[in-house]
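Observations on chain architecture
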Amino acid sequence: MIAIGSDHGGVVLKDVIKEYLEQNGYEFKDFGTQKDVPMDYPDIAETVAKAIVSGECSKGILICGTGIGVSIAANKVKGIRAAHTTDVFSAKMAKQHNDAQIICLGERITGPGLALEIVDAYLKSEHLGGRHQRRVDKIMAIENK
Ligand code: RB5
């Protein structure tokens with residue numbers, strides 16, 4: 001299950017991504033916000049991040065105006081690795097190397113065509129494990145220092 005959420009600055013791109021998910025047979029849960037309903041980006045980032053940590057969802061897509069606010073906020077939730085992605089290569093690496101559970105996009109930065117390629121690349125990538133897992137473990141160990 002994929003968790004998706006945005007603030008009011010990302011709601012148009014969220015709807016574009018939801019359509020892509022539907023058309024490609026992905027199961028997802030929309031945590032909001034909806035058109036014309038203001039939402040502070042830390043609130044939606046925390047909600048989506050907690051859906052990952054609880055196990056309700058295995059991957060997440062967060063959108064705000066830039067992608068920056070939601071990524072900073074989501075990474076404050078213990079256990080979360082959220083990657084701010086603006087290109088296809090980074091989206092792949094976010095999963096293959098960093099095992100990011102969440103990607104973050106900016107509606108005011110990335111157009112819908114590229115955004116869908118980013119989402120597609122991320123969802124089709126797998127974590128490579130091995131030396132990359134060791135490094136991911138070191139990231140997570142920082143939380144406990
Ligand atoms: C909301 O206006 C805007 O600040 C937000 O969407 C995002 O860009 C924050 O990082």
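Residues numbered from 1 in each chain as written. Predicted model: local features only at pLDDT ≥ 70, side-chain atom pairs only at ≥ 80, totals over all residues. Heavy atoms only, no water.

1. Observations concerning the sheet that holds strand β4 (residues 82-84)
If you walk across this open sheet you meet the five strands as β2-β1-β3-β5-β4, and the pairing is parallel. In the strand order of this sheet, the two ends are held by β2 (28-30) and β4, each with one partner. For this sheet, the mean angle separating the axes of adjacent strands, direction not counted, is 20°. Here β4 pairs with strand β5 (residues 102-106) via three bridges, running parallel. Within the sheet, the bridge partner assigned to A83 lies in β5 and is I103. Contacts from helix α2 (residues 41-53) reach β1 (2-6), β3 (59-64) and β5 within the one sheet, and its direction differs from that of β3 by about 175°. (Pairing = 2+ DSSP bridges. Helix = DSSP H or I, 4+ residues; strand = E, 2+ residues; numbered from the N terminus. Axes fitted to C-alpha atoms, helices over the stretch in contact; angles between N-to-C directions. Contact = heavy atoms within 4.5 Å.)

2. Examining the pairing of β3
Among the six residues in β3, six count as buried, and that is most of the element. The side-chain alternation of β3 yields two buried faces, one formed by K59, I61 and I63 and the other by G60, L62 and C64. Sheet analysis places β1 next to β3, joined by five bridges and oriented parallel. Within the sheet, the bridge partner assigned to G5 lies in β3 and is L62. As judged from the five bridges shared by β3 and β5, these two strands associate in the parallel manner. In the sheet register, I61 faces β5, and the bridge partner there is I103. (Buried < 20%, exposed > 50% of the residue type's maximum accessible area, 1.4 Å probe, protein only.)

These results come straight from atomic positions and should not be treated as a statement about function.
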